[in-house]
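Summary of structural features
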Amino acid sequence: MTETLHSEPASLPRPSFGRAARGVLTYTIITALMFVSPLFVFLPAALFHCGVRYGRRFAWIALPLGAILAALLAIPAAQQTSAAEAHMSFAYLLALVLGVGVPALVVLPMVQRGEPFGRVLLVALLISIAGLAATEVTMRTFASFSPYQDQLANARQTAEKFVVAYEKAGVPSDAVHFLRKWMDIGVYCLPAFLMIDVTLIFVLSLVMVGRLRAWREFVERRQAAFTSPYLFRNLSLPEWLLFAFVIGGLSPLASGMAQRVGANILAVVTFLYLLQGLAIFRSFLATTGAGFAGVTLAYAMLGVLTLTGIAPLLLSIAGLFDSFFDFRKFKRKDHSDESHLD
């Protein structure tokens, strides 16, 4: 497995004031554009890149300035919408700041130290949960508006529309009943799906930061002992996550709020183990030296098995038991982490 270095980041040459000011301005604009576009999925990567190039202090400056600029850009559009839509727009922005931006900056020192992929990811997710909860409390306190209740109502409406559409299309009643059951589960586990989205955001950003030139230069300047910890194949979740899986698995025995919380924990942890299973699969392809044709064929077969529901089950099981068997410990002598792209 990848070695890690746990000492504090070595000091890098400080940029001049003019260069730092230009850098902060640039990342402020980039951050603002990410807040108001689908590029928000790479918000942590932008903040990581800013922190690596100019230091953590400048990244902490760029985030609030970018959020303020994004809010100013959103005000004209918000004035032309209903109060509920305007509240949801600002709740969305606040959720990105507290649930994605702040967690990214908190784990930035861990990224600079090259700490394991899985540890960084889980710390970011835990802070993100607190940030999303703070968003809900803030909006309820100052705007008497609940973003969660609004999303919950929209999810129920969407689920009902799907069921009605299937009924009108003449789908057999058994299939409609099955669909309704899964839609109800989706609504019940809405918080878990929100956290799954956040998980994908951080996974994509961590994989991206490992490919940035600024990151490679940072590692070379430090002469660090770690190499490429943020390749996707190196995703390995901490062993203590097994306790969360057990707690979530006991949710059917509970009732009320405890059952809801346990079910959502189980959904998120299962998805995390699915990701770890995919990382094992990717590591296996890299270790065996599969070429482009072999990788394409392997992913095509994985896609077919995914449609049948077999692949997600097997990958989740592999991810779950990786803590016991370490499926990625066997490597060829000529294996090179940099010879394959994630």
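Here we come to the overall build of the chain. When you go through the chain residue by residue, the secondary structure sums to 13 helices and zero strands. Along its sequence from the N terminus, the chain presents helices and strands in the succession α-α-α-α-α-α-α-α-α-α-α-α-α. Buried residues in the chain amount to 41% of all 342 residues. Here the contacts in the chain between residues at least 6 apart in sequence split such that 79% fall between residues at least 24 apart. Accessible area of the chain: about 18,400 Å², with a carbon and sulfur share of 68%.

Low pLDDT marks stretches whose predicted atomic positions should not be read closely. Per-residue confidence for the chain gives a mean pLDDT of 84, with 87% of residues at or over 70. Ranking the helices and strands of the chain by mean pLDDT puts helix H5 (residues 117-143) first, with 95, and helix H9 (residues 213-222) last, with 68. Confidence drops under a pLDDT of 50 for residues 1-12, and excluding neighbours within four residues, the segment shows 33 contacts in the predicted structure.

Let us now look at the side chain of Ser128. Here Ser128 shows up in helix H5. Setting aside its immediate chain neighbours within four residues, Ser128 contacts Gly99, Pro103, Met195 and Val198.

One way to put it is that helix H2 (residues 43-54) packs onto helix H4 (residues 83-113) with a least axis distance of 9 Å and a crossing angle of 40 degrees. Relative to H4, the element H2 lies oblique. As for the relative orientation of H2 and H4, their crossing is right-handed in sense. On H4, the residues touching Leu43, Pro44, Leu47, Phe48, Gly51 and Val52 of H2 are Leu96, Val100, Gly101, Ala104, Leu105, Val107, Leu108, Val111 and Gln112. Its residues assigned to classes, the contact of H2 with H4 shows 12 nonpolar, three polar and no charged.

Moving on, we come to the packing of aromatic side chains. Scanning the entire structure with this criterion turns up nine aromatic pairs. Pairing Phe245 with Tyr273 gives two aromatic rings, centres 6.1 Å apart and planes at 80 degrees, and the pair type is edge-to-face. In this pair, Phe245 is assigned in helix H10 (residues 241-249) and Tyr273 in helix H11 (residues 256-287), connecting sequence segments 28 residues apart. Given a relative accessible area of 2%, Tyr273 falls into the buried group. On the numbers, 6.4 Å between centres and 40 degrees between planes, the contact of Phe321 with Phe325 is tilted.

Here the structure, examined in full by the defined rule, presents five salt bridges. A salt bridge links Arg119 to Glu115; the shortest N-O distance between them is 3.2 Å. Assessed through its relative accessible area of 34%, Arg119 is described here as partly exposed. A salt bridge links Glu160 to Arg180; the nearest nitrogen and oxygen atoms lie 3.5 Å apart. One end of the pair, Glu160, is in helix H6 (residues 147-168); the other, Arg180, is in helix H7 (residues 173-188), with 20 residues separating them in the sequence.

The subject of this paragraph is the packing of H2 against helix H3 (residues 56-78). Two elements in contact, H2 and H3, have axes separated by 7 Å at closest approach and are oriented at 140 degrees. Of the possible angle classes, the one that applies to H2 and H3 is oblique. As H2 packs across H3, the resulting crossing turns out to be right-handed. Taking contact as the criterion, the partners of Leu47, Cys50, Gly51 and Tyr54 in H2 are, on H3, Arg56, Phe58, Ala59 and Leu63. In terms of residue class, the contact of H2 with H3 is built from six nonpolar, one polar and one charged.

With that settled, consider the nonpolar core. One finds Phe35, Phe48, Leu235, Leu241 and Leu272 to be the most contacted residues of the largest nonpolar core, which totals 61 residues. For this core, the elements supplying multiple residues, two or more each, are helix H1 (17-35), H2, H3, H4, H5, helix H8 (190-209), H10 and H11.

Now for H5. Between the first and last C-alpha of H5 there are 38 Å, a value that for 27 residues agrees with the 39 Å anticipated at 1.5 Å per step. Taken together, the buried positions of H5 are Phe117, Gly118, Val120, Leu121, Leu122, Ala124, Leu125, Ser128, Gly131, Thr135, Glu136 and Met139. Elements in contact with the buried residues of H5: H4, H6, H8, H10 and H11.

The next subject is H6. In this model, H6 (22 residues) spans 32 Å end to end at C-alpha, consistent with the 32 Å of a helix rising 1.5 Å per residue. Of the surrounding secondary structure, the elements contacted by the buried residues of H6 are H4, H5, H7 and H8. Following H6 by one or two positions, Gly170 adopts a phi angle in the positive range, close to 80 degrees.

Here we take up the environment of Ala32. Positionally, Ala32 belongs in helix H1. Distance in space between the C-alpha atoms of Ala32 and Ala67 is 5.9 Å, their sequence separation being 35 residues. Beyond its immediate chain neighbours, meaning those up to four positions away, Ala32 contacts Gly66, Leu69 and Ala70.

Attention now goes to the environment of Thr288. Structurally, the position occupied by Thr288 is in the loop between H11 and helix H12 (292-308). The exposure class of Thr288 is partly exposed, given its relative accessible area of 40%.

About the criteria used
- Residues numbered from 1 in each chain as written.
- Predicted model: local features only at pLDDT ≥ 70, side-chain atom pairs only at ≥ 80, totals over all residues.
- Heavy atoms only, no water.
- Helix = DSSP H or I, 4+ residues; strand = E, 2+ residues; numbered from the N terminus.
- Buried < 20%, exposed > 50% of the residue type's maximum accessible area, 1.4 Å probe, protein only.
- Contact = heavy atoms within 4.5 Å.
- Areas by Shrake-Rupley, 256 points an atom, 1.4 Å probe, with all protein chains shown as cover.
- pLDDT = per-residue confidence, 0-100.
- Axes fitted to C-alpha atoms, helices over the stretch in contact; angles between N-to-C directions.
- Parallel < 35°, antiparallel > 145°, perpendicular 65-115°, else oblique.
- Left-handed = near helix turned anticlockwise from the far one by under 90°.
- Nonpolar A, V, L, I, M, F, W, Y, C, P; charged D, E, K, R; others polar.
- Phe/Tyr/Trp six-rings, centres within 6.5 Å; stacked < 30°, edge-to-face > 60°.
- Salt bridge = Lys/Arg side-chain N within 4 Å of Asp/Glu carboxyl O.
- Core = buried A, V, L, I, M, F, W, Y, C linked by side-chain atoms within 4.5 Å.
- Expected span 1.5 Å × (residues − 1).

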